[in-house]
Amino acid sequence: MIDDTVKGLAFGAAGAISYGMNPLFALPLYAEGLTPDSVLFYRYLGGIAFLAVLMHARRVSFGITRRDAALLVFMGVLMASSSLFLFLSYNFMAAGIASTLLFVYPLMVALIMAFRFREKFSAITAASIALTLAGTALLYKGEDGAALSLAGIGLVMLSALFYAIYIVCVNKTSLSATPALKLTFYATLFGSLLFVFRLDFLADLQMLPSWRAFACALLLGIFPTGVSFACVARSISLIGSTPAAILGALEPVTAVIFGVLVFGEALTPRLSAGIALIIFAVLLVVAGKRLPALLRLARGGKNA
């Protein structure tokens, strides 16, 4: 029987990897002239449809209480605002830099859990976060030494903060008892309303120009949205907010791998080092509380 920790780690990894597919499906939509707001609307719409079908197939009830409805609206605002602030930051800095800066959110989650909920900030957690930040920084390929835009940095920090609060709320509110599929469905549904408003109640929504664009929009809704958000919510419920957030470091690794395999980008020593650091950080999370015992065992064997 697979224990909850292993399940939580698997769901966290699956959520991170599926979220890393964003460039694979989003870049072709941008190439066909769609704006970020239109792409985000289609992304959330596809996620809603996918999650609704999955809930029906698994016979998960769509019913919610008034109290849960208010919380789910709040969760939707957090989720959609995080997406929006990240995409807005692209107007001020390269997407690579913005995506790199975004990965301060595991640190934010750990700090919120430590100071608000008195969760122990262990040496393993600190080391994992440090390795994650270092590895993610190496995955960014800088083009020049120009100063970063303060507006861009501010938007990315807001994106990271909103996502960190979302992750903590999944674990520390009454929604922690809500099935991951239901929580994700309603958060995505309510979050999509933000883009409806920004698109002037869909008056400014751009139509998908081709069947290829339709396929990309559908897959964008299924994998980086529906699958990713649902897996992350399930992971948080099983292993907690901080470990699940650290596992999110697999997202940029996946993006880099797709960049190499699909878009023909070069796998440089710097990228390889970044991937190695992140994988090591994830292995620390996987080892978790067992790591001290393993180290003692290794020292005992060495002394023998």
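The model shown is predicted, which means the values in this text are computed figures rather than measured ones.

A.B. asks: Can you explain the overall build of the protein chain? Please cite residues and give values.
C.D. replies: The helix and strand tally for the protein chain stands at 14 helices and 0 strands. Going from N to C terminus, the protein chain has its helices and strands arranged as α-α-α-α-α-α-α-α-α-α-α-α-α-α. Buried residues in the protein chain amount to 47% of all 304 residues. If you take every contact in the protein chain between residues at least 6 apart in sequence, the share linking residues at least 24 apart comes to 89%. For the protein chain, the accessible area works out to roughly 14700 Å², and carbon and sulfur atoms hold 69% of it.

A.B. asks: Mind laying out the side chain of Asn22, listing which residues take part and the relevant values?
C.D. replies: Looking at the element boundaries, Asn22 is found in helix H2 (residues 22-31). Classification of Asn22 as buried rests on a relative accessible area of 13%. Those residues within four positions of Asn22 in sequence are excluded, and the remaining contacts are Leu27, Arg43, Leu220 and Pro224.

A.B. asks: So what's going on with H2? Which residues, and what values?
C.D. replies: Three- or four-residue spacings in an α-helix give side chains the same orientation, since the helix completes a turn every 3.6 residues. Of the positions making up H2, those classed as buried are Asn22, Leu24, Phe25, Ala26, Pro28 and Leu29. If you follow the buried residues of H2, they end up packed against helix H1 (4-19), helix H3 (36-57), helix H10 (211-239) and helix H12 (250-261). Following H2 by one or two positions, Gly33 adopts a phi angle in the positive range, close to 95 degrees.

A.B. asks: Could you give me a rundown of the environment of Asn171, with the residues and numbers involved?
C.D. replies: Along the polypeptide, Asn171 turns up in helix H8 (residues 150-172). Residues Asn171 and Ser235, spaced 64 residues apart in sequence, show a C-alpha to C-alpha distance of 9.9 Å. For Asn171, the residues in contact, after removing those within four places along its chain, are Met113, Ser176, Ile236, Gly240 and Ser241.

A.B. asks: Requested: an account of the environment of Ala276, with residues and values cited.
C.D. replies: Summarising the element assignment, Ala276 is placed in helix H13 (residues 269-287). What makes Ala276 partly exposed here is its relative accessible area of 46%. Taking the C-alpha atoms as reference points, Ala276 and Val253, separated by 23 residues in sequence, lie 9.5 Å from one another.

A.B. asks: I'd love a proper account of unusual backbone geometry, names of residues and values included.
C.D. replies: Although it is not a glycine, Arg59 sits at a positive phi angle of roughly 55 degrees. For Arg59, the location among the structural elements is in the loop between H3 and helix H4 (66-89). Residue classification places Arg59 among the exposed positions, given a relative accessible area of 79%. We note that Leu202 has phi near 75 degrees; this positive angle belongs to a residue other than glycine. Owing to a relative accessible area of 35%, Leu202 belongs among the partly exposed residues under this scheme.

The rules behind each value
Residues numbered from 1 in each chain as written. Predicted model: local features only at pLDDT ≥ 70, side-chain atom pairs only at ≥ 80, totals over all residues. Heavy atoms only, no water. Helix = DSSP H or I, 4+ residues; strand = E, 2+ residues; numbered from the N terminus. Buried < 20%, exposed > 50% of the residue type's maximum accessible area, 1.4 Å probe, protein only. Contact = heavy atoms within 4.5 Å. Areas by Shrake-Rupley, 256 points an atom, 1.4 Å probe, with all protein chains shown as cover.

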